[in-house]
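# Chains, contacts and geometry: an overview
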Amino acid sequence: MYDIIDLNSKLVGELREIAKQLNIPKFDSLKKQELVYKILDQQAVAGAKHTETETDTSKPKRGRKPKSESPETTPQLFTAGKTDPRFVSVENENGTPESKTTEPD
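Notes on the structure in this doc start here. In this numbering scheme, every chain counts its residues from 1 along its sequence in written order. Confidence filtering applies because this is a predicted model: local features only for residues at pLDDT of at least 70, side-chain atom pairs given and counted only at 80 or more, and all residues used for totals across whole chains, interfaces and linings. Where side-chain values are given, they derive from all heavy atoms of the structure, hydrogens and water being excluded.

## A word on the overall build of the protein
Check the secondary structure of the protein and you find three helices and two strands. The way it works is that DSSP assigns letters per residue, a run of H or I at least four long becomes a helix, a run of E at least two long becomes a strand, and they are numbered from the N terminus. Ordered by position in the sequence, the α and β elements of the protein form the string α-α-α-β-β. Burial status across the protein gives 10% buried among its 105 residues. Residues count as neighbours in contact if any of their non-hydrogen atoms are within 4.5 Å of one another. Across the protein, contacts joining residues at least 24 apart in sequence account for 24% of those joining residues at least 6 apart. Carbon and sulfur atoms make up 54% of the accessible area of the protein, which amounts to about 9,700 Å² in all. Only protein chains enter the accessibility calculation, which uses a 1.4 Å probe; a residue whose area is less than 20% of its type maximum is buried, one above 50% is exposed, and one in between is partly exposed. Calculation of accessible area relied on Shrake-Rupley with a 1.4 Å probe; when residues are assessed, cover is drawn exclusively from the protein chains displayed.

Pasting the structure below:
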C-alpha cells in the first residue's frame, strides 16, 4: 500500500510501473499527479473488495435469545412484609378492613 507522500516522492517511471502492476488503463498518457491519484483510487477500490470478502468468511452472527416467560425472571413489584406508606388499612362499620389512600406529604 502506498500513501500520497510515498507516491509524490517517486519518479514518473516508477509510478508508471506501479500503475502497470495495478492494471490501471491508459497509464502511459497520464501526468505525474494524475498517476498518483489513479494509484490511490485503485488501492482504495482493491481494499474495499478485500474488506467485503473478509466479512463473508467471518463467523456467522448469533441470533437473538428467545424471551423466556417464566415467573422466576419477572421482577416482583411488592415484596412480602413491606407496605407502601401511602396505603393505610382502616376498618369500616362492619369490622372488615377497607383500604384508603393518603396523599404523600
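Having seen the model, we can carry on.
## Description of a nonpolar patch on the surface
A contiguous nonpolar surface patch, about 300 Å² in accessible area, is contributed by I4, I5 and Y37. Relative to the assigned elements, I4 resides in helix α1 (residues 4–9). Residues forming no salt bridge and having over 30% relative accessible area are the ones grouped into patches, like charges within 9 Å of each other and nonpolar side chains (Val, Leu, Ile, Met, Phe, Trp, Tyr) within 5 Å. The salt bridge criterion pairs a side-chain nitrogen of Lys or Arg with a carboxyl oxygen of Asp or Glu, the two atoms within 4 Å.

## A few points about the nonpolar core
Residues belong to one nonpolar core when they are buried, are Ala, Val, Leu, Ile, Met, Phe, Trp, Tyr or Cys, and are joined through side-chain atoms within 4.5 Å. L7, L15, I18, A19, I24, F27, L30, L35, V36 and I39 together form the largest nonpolar core, which totals ten residues. Elements that contribute at least two residues to this core include exactly α2 (12–21) and α3 (32–57). Aside from chain neighbours lying at most four places away, what touches L30 is R16, L35 and K38.

## So, α2
It helps to recall that an α-helix has 3.6 residues per turn; residues three or four apart then point in one direction. Restricting attention to buried positions, one finds in α2 the residues L15, I18 and A19. Buried residues of α2, seen end-on, are gathered within an arc of 100 degrees and therefore sit on one face of the element. In α2, the exposed positions that point more than 90 degrees away from the buried face belong to G13, K20 and Q21. Just past α2, the residue N23 takes up positive phi, approximately 60 degrees. Comment: arc refers to directions from the helix axis out to C-beta atoms.

## Section: the side chain of Q43
Inspection of the secondary structure puts Q43 in helix α3. A relative accessible area of 8% places Q43 in the buried class. Of note is the side chain of Q43, whose polar atom sits 2.7 Å from the backbone nitrogen of Y2. Not counting the four nearest positions on each side in its chain, Q43 is found in contact with M1, Y2 and L22. In protein, a polar contact means a hydrogen-donor-capable atom and an acceptor-capable atom, both N or O and within 3.5 Å, with residues adjacent in sequence counting only if both atoms are side-chain atoms; elsewhere, any N or O pair within 3.5 Å suffices.

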